[in-house]
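# Structural overview for review
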Amino acid sequence: MDSEIAVDCSPLLKIYKSGRIERLMGETTVPPSSVPQNGVVSKDVVYSPDNNLSVRIYLPEKAAENGEKLPLLVYFHGGGFIIETAFSPTYHSFLTAAVSASNCVAVSVDYRRAPEHPISVPFDDSWTALKWVFTHITGSGQEAWLNKHADFSKVFLSGDSAGANIVHHMAMRAAKEKLCPDLNDTGISGIILVHPYFWSKTPIDEKDTKDETMRMKIEAFWMMASPNSKDGSDDPLLNVVQSESVDLSELGCGKVLVMVAEKDALVRQGWGYAAKLEKCGWKGEVQVVESEGEDHVFHLLKPDCDNAIEAMHKFSRFIKGEN
């Protein structure tokens, strides 16, 4: 029967023996809004007709009126590659607030999710979306908002958790493959990794969590997303920090902001990523901001708390070039 459960990952999802996936959170969606919310309007645009995939684009209302060029933020949502969408209330609210605070144009990317579409599908969809964004660099792309308002000399990528993992891989790939023929470099000014989802089988340092239950849980989530991964959580796609095969010196941007939370199990991975960047010969600038007393993606769950407001301030200053 279809009611027999094979894997129970409540409160996130359940996988039934029939193969059916029941996601228990992150499935609610909200529409875009042509009526300004926090001074921001939004619309959905298809970037991959073949796979029926869309982005949600956000624009400050004032820019729509005066036609000014603004920094461009491309955002990849989190959820372990498995839950959430670009159209959930959580991400719609976050991107609206981020665009308002940063005075930028934002493109929030929806991608196909595991386990129905295992790794590397989320990466491939994200690359397709990023290439679609860059078709607007000469002002002749599909979407008028990007043609008219996006300043392609100031492109920033960001994401939280699994989305931050995607951002890292997009910046690495952009250093090897041109996003479009009109670029002399990667086209990416900086990246913001928010509570990045990197992991490894063994603790990264003496401060890393030794809680075996927690470590196994995080690895199990990766294996659900990447069932063909021979190395488990030591897969270089996930074990970016410890893996010797991952050379960060070619990271395709000039600035990196890593945001971590003190009580997050992933906190040491974020610090380790920054330390590896500093040691590897990469020519850019990296900074780490830690939110004291907070856990994973707290800023999405408690957007009005003092630490979330401070985190948004740091986020927006980075995009504005003020820090």
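So, a few notes on the structure that sits alongside this text. (Residues numbered from 1 in each chain as written. Predicted model: local features only at pLDDT ≥ 70, side-chain atom pairs only at ≥ 80, totals over all residues. Heavy atoms only, no water.)

## Here we look at the layout of surface pockets
Stated formally: Residues are called lining when one of their atoms sits within 4 Å of a cavity or pocket point, these points coming from a 1 Å grid over the protein atoms alone, where a cavity is a set in which a 1.4 Å probe fits but cannot get out and a pocket is an open set with protein on both sides within 12 Å along at least five of seven lines. Grid points are joined across faces, edges and corners, and a volume is the space filled by probe spheres set on the points. Only DSSP runs of H or I with at least four residues qualify as helices, and only runs of E with at least two residues qualify as strands; both kinds are numbered from the N terminus onward. Basically, the charged four are Asp, Glu, Lys and Arg, the nonpolar ten are Ala, Val, Leu, Ile, Met, Phe, Trp, Tyr, Cys and Pro, and anything else, Gly included, counts as polar.
Approximately 900 Å³ is the volume found for the largest pocket. The wall of the largest pocket is formed by 32 residues, among which Leu 12, Ile 83, Ser 161, Phe 221 and His 296 lie closest to the centre. Residue assignment for the lining of the largest pocket shows that the elements contributing at least two residues are β1 (5–9), α2 (89–102), α6 (212–225) and α8 (298–301). The biggest single contributor to the lining of the largest pocket is α6, with seven residues. Here the residues of the lining of the largest pocket are counted per class, giving 18 nonpolar, seven polar and seven charged. Approximately 320 Å³ is the volume found for the second largest pocket. Lining the second largest pocket we find 20 residues, and of these Phe 94, His 299, Pro 303, Ala 308 and Met 312 sit closest to its centre. For the lining of the second largest pocket, the secondary structure elements donating two or more residues are α2, β10 (255–261), β11 (285–291), α8 and α9 (306–320). Among the elements that take part in the lining of the second largest pocket, α9 stands out by supplying five residues, more than any other. Across the lining of the second largest pocket, the residue classes break down as 14 nonpolar, five polar and one charged.

## What to know about the packing of aromatic side chains
Formally: Classification of ring pairs rests on two measures: the distance between centres of Phe, Tyr or Trp rings, Trp counted by its six-membered ring, which must be within 6.5 Å, and the angle between planes, read as stacked under 30 degrees, edge-to-face over 60 and tilted in between. Think of it in three bands: with a 1.4 Å probe and only protein chains considered, a residue is buried below 20% of the maximum accessible area for its type, exposed above 50%, and partly exposed in between.
Tallied over the entire structure, the rule returns nine aromatic pairs. Ring centres of Phe 198 and Tyr 273 lie 5.1 Å apart, and the angle between their planes is 15°; on these two criteria the pair is classed as stacked. Residue Phe 198 is located in the loop between β9 (190–194) and α6, and its partner Tyr 273 is located in helix α7 (residues 267–279); the two are separated by 75 residues in the primary sequence. Across the pair, exposure class does not vary: Phe 198 and Tyr 273 are buried alike.

## Details of the state of the cysteines
The line we're drawing: Throughout, a disulfide means two cysteine sulfur atoms within 2.5 Å of one another.
Counted according to the given criterion, the structure contains zero disulfides. Here Cys 104 is not disulfide-linked; the sulfur of Cys 253 is the nearest cysteine sulfur, at 17 Å. Distance from the sulfur of Cys 280, which forms no disulfide, to the nearest cysteine sulfur (Cys 253) is 11 Å.

## Focus: the pattern of salt bridges
We count it as follows: We count a salt bridge whenever a side-chain nitrogen from Lys or Arg sits within 4 Å of a carboxyl oxygen from Asp or Glu.
Counting across every chain of the model gives twelve salt bridges. Across the salt bridge formed by Arg 113 and Glu 27, the nearest N and O atoms sit 2.8 Å from each other. Placement of the pair is Arg 113 in the loop between β7 (105–109) and α3 (121–134) and Glu 27 in the loop between β3 (21–23) and β4 (40–48), with a sequence separation of 86 residues. With its nearest N and O atoms 3.9 Å apart, the salt bridge here joins Asp 124 to Arg 173.

## Some words on the nonpolar core
The condition that has to hold: We call a set of buried residues a nonpolar core when its members are Ala, Val, Leu, Ile, Met, Phe, Trp, Tyr or Cys and they connect through side-chain atoms within 4.5 Å of each other. Any pair of residues with heavy atoms lying within 4.5 Å of one another is described as a contacting pair.
Counting 79 residues, the largest nonpolar core has Leu 72, Ile 191, Leu 251, Val 256 and Tyr 273 as its most contacted members. Setting aside its immediate chain neighbours within four residues, Leu 251 contacts His 168, Ala 171, Met 172, Ile 191, Val 256, Tyr 273, Leu 277 and Trp 282. Counting residues in hydrophobic clusters, the runner-up holds 24 residues, among them Phe 94, Ala 98, Ile 192 and Leu 257.

## Comments concerning the sheet that holds strand β2 (residues 13–16)
The line we're drawing: Two strands are counted as paired when DSSP detects at least two bridges linking them. Angles shown run from 0 to 180 degrees and are taken between the N-to-C directions of axes, each axis being a line fitted to C-alpha atoms and, for helices, limited to the stretch in contact.
Strand order in the open sheet made by the three strands is β1-β2-β3, with antiparallel pairing throughout. At either end of the open sheet lies a strand with only one pairing partner, and these are β1 and β3. On average, adjacent strands in this sheet sit at an angle of 10° to one another, irrespective of strand direction.

## As for helix α5 (residues 162–176)
Put simply, the test is: Here a helix's expected span is defined as the number of its residues, less one, multiplied by 1.5 Å.
Relative to the 21 Å expected for 15 residues at 1.5 Å per residue, α5 spans 22 Å between its end C-alpha atoms, a close match to the ideal helical length. For α5, the buried fraction is high: twelve of the 15 residues fall into the buried class. Within the sequence span of α5, burial applies to Ala 162, Gly 163, Ala 164, Asn 165, Ile 166, Val 167, His 168, His 169, Met 170, Ala 171, Met 172 and Ala 174. Tucked into the core, α5 has its buried residues touching β6 (70–76), α3, β8 (150–160), β9 and α7.

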